Each structure stands twice: as C-alpha cells, then as structure tokens.
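# Structure at a glance
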Amino acid sequence: MRRPGNAAAAVVVALLALGLGACAQIPTSGPVRVGNAPVETQGDITLLPQGPVPGTDPQLIVSGFLQAAVAAATSPKEFQTAREFLTADVAQTWEPEEAVRVVREAPMPEPFEEAVELGSTDTIDIVVRATTIATVDSAGAYTEAGSPREVPYRFKVVKVGGEWRISALDNGVLVPANLFTSQFRATRLYFPSAGDIKTLVPDLRWFPRRAWQTVAVKETLAGPPEWLQGATQSLVPEGTQLMSQSVPGRDDAESVAIRLSEQISSVQAAQRAVIAAQLSATLSEGAGRVIPVELYSDQNRLSVDAAEVDLPATIAQAIVLKDGDLYRVDDGRLAEHDMSVDLSGIDPTALAVSPSTTPTVVRDGTDQIVNLSLDEGEGPVPILEGTDLAAPSVDKFGSTWTSGGQGELQVSTDTLDVVKLEPEWLSGRRVISVSVSPEGARVAVVSETPSGRQVQVAGVVRDAQHTPVSLAPALTVAAPVVDTVEARWNGLTTLALLTRDSDGTSAVWTAGVGGQASTGGQSRQLPGLTDVAQLAAGVNDHGILVVTRGGDLEHEETGVWQPIAEDVDLASYPG
C-alpha cells in the first residue's frame, strides 16, 4: 500500500504543530473594557491541502479527502479542495457543515480485500473506523458522547474518466481530537438576561477558525438557544441579517464595523448599545483588549452609546465553617467572619451564601435547610424541608434552591415563599445537586436516571419579582463523567464536578457547558485527591476549594492541591 503524498502528509504535520486555543475571560461589570485576561496565542494559520493526484488509488483518495476536509476549517478555499475528491453530483449535495464529529484517533481507511483487483472493477467500498467522542452541530453547539464507541464510516469509490472518486459518503466531517481546537475556536456568544438587558449570559459555541467572527455574529443575530429560552432574550429585530460577506477578523483593528440590514435602525438607543456590547464581548475574547463595535444599517453608521453591562462573576470570598464559627478565605488563609452564628441543636452538613452576602444558609442533617441570617436570638429559621435534600444554592436574588420530591426542585424566595419547579426533563428523577450561576439565569442539576447520574444545565425563567417560575429545556453536559455527586459553577461556561464511585473513591473534574477550551473540548479529571468530601467553586480566578474527609481545606492551583487549613467542616463560594 502506498503512503500519502508529501503534500498531504505536510498538512497532517502542520495540523499537529498548531497550538491549542483558549477562551479568555473579559471584565465582569461596567462597560466592556480591557481586562487582564490571558491572550489567545493561536495565530491565523492557513492550510492549503492538496487535491487528488492523477493515478491515486481508492484508499489514498479517501485519505486525501479526510485530510482536506479537516484543513477546510482554516483554509480560505474552505471545502473546495475536499470536493475535488468527490464525483461531480456528490460534490454538489455533500453538506460538510451539517455535523462535525470529533474522533479519538486520526481516521484511517482500512485496507481493502487483497482479492480485489483494481484493474478489473469500477467500484470499491472503503471503510474508515473511528471513535466519536463529541459532535458539533451546524450552530456550533458541542455535545460530548456518553459512551464513545468505534463505528465504521463507509465510502463508495468509483472510477470516473479513469480516476477514482468518492460517490457516496455521510454528511459532515471527522476531526481528530488532537486537532480539534486548532481547527475550531471556542467562542462565547452573549445574550441579555430576560429580566435585565444589561446582564449578559454566555453560551459557548465552536466555529471554524477561518471565519469564526462572521459565524459568531450570525449566530448572535439568530438569538439564544433552546436551553436559554425564557431566561434570556434577543434585542435584535426579527429578520435582521448580516449584510457584508464577512466580519473583519484582525485583533489589531481599532474597531469592527458590522453592517446589518435595515431592521436594526428601528432599535432604541439603549438596546442598540447592548447589542453592540454583546458583539464586542464576543469579538474581544482572546484579543487581550476590548474591540469596539460600530453598527451600520446597510451603509449608514448608527449612533451607539457605551453600555454598562455585567458578566457572571463570583465577587465575594469563599466562606468556611470550622468549629461552629464562620471564616472567610482571604488570600489563602482563614480570616474571621463578621457574622456570628449559633448552631446549637443544628447538624450542619452543607453551607451556602448568597452572592449579595445574605442570606447564609446551612443544611441541617439531610431533611432541613435553615437560614442563619434570620437568627434574632431564637436560633436559625427553617425555610425548606424534605427527604435527602440536596446541598443548597443561594442565587443573587436571595432565593435558596434545593431538591424536592421526585422530579422536583424547591426554592425558598427572599420573602420565604416556597416555589416548586417540576420541569418535564426531571420527571421521575431524584435530584442530587443544584447550583445556580452567579447571574441567576442558569442552573446546573445532577439527577439520578435509570441509566445513571446525569449533569444538565437549563435556563431559569423568572417573573417580574425575580421569582423562578419554570426551567427551560435542559442541555446535557459532561456525558462521559459517571457517579457525579456535586456540581458547582467554576467559570463563565464551566462546571466543577465531584464524583464518587461505589468504593468511596472521589475525583474532581471540570466540564464545559458546551465543551471547554482544551484538547477535543472534553471534560477533564484533575489529578490528585481521592478522598474529597465536598467541593466549592466560583466564577473567579481563585480556583476550586475542597474539604477532604479528614477535614483538610485544600485549594487547586494549576493542577496542584495546596493546603489552607485543617479541621474544616464545610466550605462554600457565594452562589
């Protein structure tokens, strides 16, 4: 069997040499401005794959096609070269962007049977086997596969005019995991919260690097995804289109001009400012500075004021409970908390505090949650009751969340009214963990299903008083991670997960809501501790805290666990 030609092999070498991209974080409050986020080092590398060489055998035709299809994510010729490996009619109907399949290993054609004589046949079937670990749909939404398995991808190759060409194949492309982040860029879109247009809610997508700015603008104009419906909104008038063929992609540009159809001119000034801030937030990530956006209605430049927008952030310090007293985690040390508590008769098994510092609540045993902030000399006030309640989470509006009965969440509002939420996707399940994001528009839920535990994230729909009234359809994340017992927000679009197997051995993972900017976008296990009892995380730069079964409070820094204190009972970041 012949090896691929030198030019095709060079494409593979170039792909392997590319660096991995990173999602940087922009400022979290005030106008969109320059922050200290890390700069993405991925350069604009153009790959020019080679088309079919005369006389190439069927196996190398398929191999060359696979390489050209992968390179299309950065090539200005897009899929033009890949189509050269197809018959004329299939080249017109093949839809490469229908789905991206991230595969564990580089897909290679299997050798065809030795009995086949190429000179005596005009048709041959080629099989490519690969293990799909994730998929990306046409809108850039990334989904990890729960049980990756090797599957065959079949290609029919026929002789046309004396040359072999592919006449049948599946839509979409196969991208090896080690090349995925060099070909596709993790890109956060931002949508205004339904209750406050100046609070932006992130949604992570993956777009081809050659045109990620253009696709990001188009997807922003399309509005929020299903899992954020009702929790967020679109300020863009229906029917608004991008008028230019592309959005300028230079990070050194002073500003970016985005030309939209005339519908945009009907938007009021305050809303237009937020639309510009949405787009600026997306285009600025990874640039190391803010990239202002200029909006045009066709050829007419629109006046755009600066918008004071907020992104999700955990502002307050983590707190811990030790020997019946509260402490703050201040620069890697415990400092006295200004709130004294009386836990007489209380068995504290979980701790939570609001992002606005009140209320502070604890789970008493497993069947009651009490509010410590309402203690006026008569002890903590019970606010929620039930069987095997999940550790509480307190949102920015002062509402305390936990589990309820089968398929149910309970929420105690700031007025102590109890609201029950019963989304269809939770039907019949027992809730293990609940965590509300800092801006209050998303909730992460771990639940018990017949096939195992599942981590899902859904938009929170609220009324005018910010009371939760329902949840949007759920997005499943971290599908390969099993035995999850706790999920906490650990980034704009990242969760920290605690798992525990039947032997009691624990592990800490990070998982992206829409993938994370690492090799293949996959969930990742952090090395180290195996005796974690509880974890705490926040949307900040302070990393993950854990409390071990022996009471050690430890802090994760770049993959290394650093001790902070001993004999700690509980820890929690606000939220």
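Residues numbered from 1 in each chain as written. Predicted model: local features only at pLDDT ≥ 70, side-chain atom pairs only at ≥ 80, totals over all residues. Heavy atoms only, no water.

### Digging into the overall build of the protein
Per the secondary structure count, the protein includes seven helices and 37 strands. Within the span of the protein, comprising 575 residues, buried residues form 55% of the whole. Within the protein, contacts between residues separated by at least 24 positions form 58% of all contacts whose residues are at least 6 apart in sequence. When the accessible surface of the protein is summed, it comes to about 24,500 Å², and 46% of that surface belongs to carbon and sulfur atoms. (Helix = DSSP H or I, 4+ residues; strand = E, 2+ residues; numbered from the N terminus. Buried < 20%, exposed > 50% of the residue type's maximum accessible area, 1.4 Å probe, protein only. Contact = heavy atoms within 4.5 Å. Areas by Shrake-Rupley, 256 points an atom, 1.4 Å probe, with all protein chains shown as cover.)

### A word on the environment of Pro-192
Among the secondary structure elements, Pro-192 is positioned in strand 8 (residues 184-192). With a relative accessible area of 0%, Pro-192 lands in the buried category. Separated by 42 residues in the primary sequence, Pro-192 and Ser-234 place their C-alpha atoms 6.8 Å from one another. Not counting chain neighbours up to four residues away, the residues in contact with Pro-192 comprise Ile-197, Thr-199, Leu-200, Thr-232, Gln-233, Leu-235, Val-274 and Gln-278.

### Quick notes on a negative patch on the surface
Together, Asp-323, Asp-325, Glu-336, Glu-566, Asp-567 and Asp-569 make up a region of like negative charge exposed at the surface. Counting through the fold element by element, Asp-569 comes out in the loop between strand 36 (560-565) and strand 37 (570-572). Note on Asp-569: relative accessible area 42%, which makes it partly exposed. (Patch = residues over 30% accessible without salt bridge, like charges linked within 9 Å, V, L, I, M, F, W, Y side chains within 5 Å. Salt bridge = Lys/Arg side-chain N within 4 Å of Asp/Glu carboxyl O. Lys, Arg positive; Asp, Glu negative; His and termini not counted. Charge placed at Lys NZ, Arg CZ, Asp CG, Glu CD.)

### Some thoughts on the sheet that holds strand 37
Sheet architecture is open: four strands sit in the order 15-14-13-37, paired in antiparallel fashion. Looking along the sheet, the strands with just one partner apiece sit at the ends: strand 15 (333-336) and strand 37. Averaged over all neighbouring strand pairs, the angle between strand axes comes to 35°, with direction disregarded. (Pairing = 2+ DSSP bridges. Axes fitted to C-alpha atoms, helices over the stretch in contact; angles between N-to-C directions.)

### Some words on helix 2 (residues 58-71)
When the terminal C-alpha atoms of helix 2 are compared, their 20 Å separation across 14 residues agrees well with the 20 Å that a helix rising 1.5 Å per residue should span. With 14 of 14 residues buried, helix 2 is to be regarded as a mostly interior element. Two or three places before Gln-59, at the opening of helix 2, Asp-57 has a side-chain oxygen 3.1 Å from that residue's backbone nitrogen. (Expected span 1.5 Å × (residues − 1). Polar contact = N/O pair within 3.5 Å; in protein donor to acceptor, adjacent residues only side chain to side chain.)

### So, the pattern of salt bridges
Two side chains of opposite charge can pair, provided their charged atoms sit close to one another. Taken as a whole, this structure holds 14 salt bridges when the rule is applied. The partner of Arg-301 in a salt bridge is Glu-294, with the nearest N and O atoms 3.6 Å apart. Looking at Arg-301, the relative accessible area reads 56%, which means it is exposed. The partner of Glu-486 in a salt bridge is Arg-488, with the nearest N and O atoms 3.4 Å apart. A residue is classified by how much of its surface remains accessible, and Arg-488, at 11% relative accessible area, is buried.

### Observations concerning the sheet that holds strand 33 (residues 532-536)
The strand order 33-34-35-36 describes an open sheet built from four strands, whose pairing is antiparallel. In this open sheet, the two edge strands, each paired with only one partner strand, are strand 33 and strand 36. On average, each strand axis in the sheet is tilted by 30° relative to the strand beside it, whichever way the strands run. When strand 35 (residues 553-557) meets strand 36, the two strands line up antiparallel, connected through five bridges. Across the sheet, the residue bridging to Glu-557 is Val-560, located in strand 36.

### Quick word on the packing of helix 6 (residues 212-222) against helix 7 (residues 269-284)
Remark: helix 6 packs on helix 7, axes separated minimally by 11 Å, with the N-to-C direction vectors making an angle of 150°. In terms of orientation, helix 6 and helix 7 fall into the roughly antiparallel class. Handedness of the helix 6/helix 7 crossing: right-handed. Contacts from Trp-212, Gln-213, Ala-216, Val-217 and Thr-220 in helix 6 reach Gln-278, Leu-279, Thr-282 and Leu-283 in helix 7. (Parallel < 35°, antiparallel > 145°, perpendicular 65-115°, else oblique. Left-handed = near helix turned anticlockwise from the far one by under 90°.)

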